[in-house]
Amino acid sequence: MTTPRSNRVALAGTSGLSLQFRRFAHAFLSVPIAACFFGTVAHASTVPSGNPCRGAGSLLAILNRPTVADSTCVAPPGRIVLEAGYQAIDQRQPEGRGFNLPELELSLGLADRNELILLPANYINQFSGGPAPSRVAGYGPTSLGFRREVVSHSLWQLAAEEIVALPSGDPNYGSDGWGSATNAIVSIGIGAHWGVAFMAGVTSETTPRNSGGRRFTSFNPDWVVTYAWDNRYQLYGEVYGQSKVGPGLGSGADADGGFQYLITPHFEVDAELGQRITGSLGGFDNYVGIGIGLEFPYD
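As the structure is a computational prediction, the values presented were derived from the model and not from experiment.

Draft legend 1. Focus on the pattern of salt bridges. Per the counting criterion, the structure on display carries nine salt bridges. Two residues, Arg54 and Glu149, come together in a salt bridge whose shortest N-O distance is 3.5 Å. Here Arg54 is found in the loop between α2 (39–46) and α3 (59–62), whereas its partner Glu149 is found in strand β7 (residues 143–152), with 95 residues between them in sequence. Residue Arg54 is classed as partly exposed on the basis of its relative accessible area of 33%. Linking Glu149 and Arg113 is a salt bridge whose minimum nitrogen-to-oxygen distance equals 3.8 Å. Pair noted here: Glu149 is in strand β7 and Arg113 is in the loop between β3 (105–110) and β4 (114–119), with a separation of 36 residues, a long-range link.

Draft legend 2. Molecular detail of the state of the cysteines. Counted according to the given criterion, the structure contains one disulfide. Here Cys53 engages in a disulfide with Cys73; their sulfurs sit 1.9 Å apart. Note on the Cys53 and Cys73 pair: the S-S dihedral is about -70°, so by sign convention the disulfide is left-handed. You can see Cys53 sitting in the loop between α2 and α3 and its partner Cys73 sitting in the loop between α3 and β1 (79–91), a full 20 residues away along the chain. One exposure class covers both Cys53 and Cys73, and it is buried.

Draft legend 3. Up close: the environment of Val202. Residue position: Val202 is located in strand β10 (residues 194–206). Overall, Val202 belongs to the partly exposed group, its relative accessible area being 44%. Through-space distance from the C-alpha of Val202 to that of Thr182 is 5.4 Å; in sequence the pair is 20 residues apart.

Draft legend 4. Main features of the confidence of the model for the chain. For the chain, per-residue confidence averages 84 on the pLDDT scale, and residues scoring 70 or more make up 82% of the total. Ignoring residues within four places in sequence, the model shows residues 1–49, a span with pLDDT below 50, making 338 contacts including any to other chains.

Draft legend 5. Here's a closer look at a nonpolar patch on the surface. On the surface, a nonpolar cluster with roughly 600 Å² of combined accessible area is contributed by Leu155, Trp156, Ile188, Ile190, Trp194, Val196 and Val225. Listed by contribution, the elements that provide at least two residues to the nonpolar patch are β9 (179–190) and β10. Examined against the element boundaries, Val196 turns out to sit in strand β10. With relative accessibility at 30%, the residue Val196 sits in the partly exposed group.

Draft legend 6. Geometry of the pairing of strand β14 (residues 267–278). Bridge count for strand β13 (residues 252–264) against β14 is 11 bridges, and the pairing is antiparallel. What sits directly across from Gln260, in β14, is Asp270. Linking β13 to β14, which pair antiparallel, is a turn of two residues. Pairing between β14 and strand β15 (residues 284–297): nine bridges, direction antiparallel. Within β15, the position partnered with Val269 by the bridge is Ile292. Taking the residues that link successive antiparallel strands as the turn, the β14-β15 hairpin has five residues, and the phi of Gly279 there is positive, at about 70°.

Draft legend 7. Layout of the nonpolar core. Listed in full, the 10 residues of the largest apolar core are Cys53, Leu59, Leu60, Ala61, Ile62, Leu63, Cys73, Ala75, Val81 and Leu262. Counting residues per element, this core draws most heavily on α3, at four residues. If near-sequence neighbours (up to four positions away) are discounted, Leu262 is found in contact with Gly57, Leu59, Leu60, Asn231, Arg232, Phe267 and Glu268. With seven residues, the next largest nonpolar core counts Tyr240, Leu281, Phe284 and Tyr287 among its residues.

Draft legend 8. Fine view of the packing of aromatic side chains. A complete count under the given rule lists 11 aromatic pairs for this structure. With a centroid separation of 6.3 Å and an interplanar angle of 25°, the aromatic rings of Trp229 and Phe259 are classed as stacked. You can see Trp229 sitting in the loop between β11 (215–227) and β12 (233–242) and its partner Phe259 sitting in strand β13, a full 30 residues away along the chain. Overall, the relative accessible area of 36% leaves Trp229 in the partly exposed class.

Draft legend 9. Region of interest: the environment of Ser58. Checked against the element boundaries, Ser58 lands in the loop between α2 and α3. For Ser58, a relative accessible area of 12% translates into the label buried. In this structure the C-alpha to C-alpha distance between Ser58 and Pro265, which are 207 residues apart in sequence, comes to 7.8 Å.

What counts, and at which threshold
- Residues numbered from 1 in each chain as written.
- Predicted model: local features only at pLDDT ≥ 70, side-chain atom pairs only at ≥ 80, totals over all residues.
- Heavy atoms only, no water.
- Salt bridge = Lys/Arg side-chain N within 4 Å of Asp/Glu carboxyl O.
- Helix = DSSP H or I, 4+ residues; strand = E, 2+ residues; numbered from the N terminus.
- Buried < 20%, exposed > 50% of the residue type's maximum accessible area, 1.4 Å probe, protein only.
- Disulfide = S-S within 2.5 Å.
- pLDDT = per-residue confidence, 0-100.
- Contact = heavy atoms within 4.5 Å.
- Patch = residues over 30% accessible without salt bridge, like charges linked within 9 Å, V, L, I, M, F, W, Y side chains within 5 Å.
- Areas by Shrake-Rupley, 256 points an atom, 1.4 Å probe, with all protein chains shown as cover.
- Pairing = 2+ DSSP bridges.
- Core = buried A, V, L, I, M, F, W, Y, C linked by side-chain atoms within 4.5 Å.
- Phe/Tyr/Trp six-rings, centres within 6.5 Å; stacked < 30°, edge-to-face > 60°.

Structure, rendered in structure tokens:
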């Protein structure tokens, strides 16, 4: 099974359930996943001069959650960015409900606009109703990554990213073999408040062992639009897809939107809502999620 967030790094494979690459229908609005590339966009538009990745309210630009796309901004040197969240899911295949947490991501800022990424295993719990109710719970794979700000301009940014999924996790939700995601991300500020971003990636992933452990490759486009009315508040909308959602399967596309609020310069909260558009990307009909982002020094 994959989830809105797990689809983001394309590291979970499909087992017919849905969870991350990563959010679902229990009741509120969650924003996950500023994604690796697009969370930067809206914030860039609020800082017409200087580097939006380092200006006032830059944590909104650096965070990867709650979008599926990742940000073009990396963590500052000597700083750690921690992200965590929860998703409630309305499953499509099989029909039922579920949740996943803690959606952890740790980003370690290095010199020269580089960043190391750790994505620990996510816990997934899904319940299917009907004549024979069942509950399946377990852990997804652990992934490691590296991202670099290739261009960091006051009006636009460009980043490159590589994420590797380790053969890890349990037979229901893990990765039976090695997986990878190679992504390019660009974000552009428009005027004083608006931003747009685009992430294009190629992924190679394997399904969980209980789903056959089969490998498939996919092209994954992602578009994000953001609106920030000051350095603390940001709205976003996103549409993303995959050319293949599993071995022998066709394409799929989903949409999500949400809200981010910067409580302090180093503490963010967010909420999001996701909705299936076509196909079975993530295996869900819809989801909701909430999350946090923190930035603190490590040296």
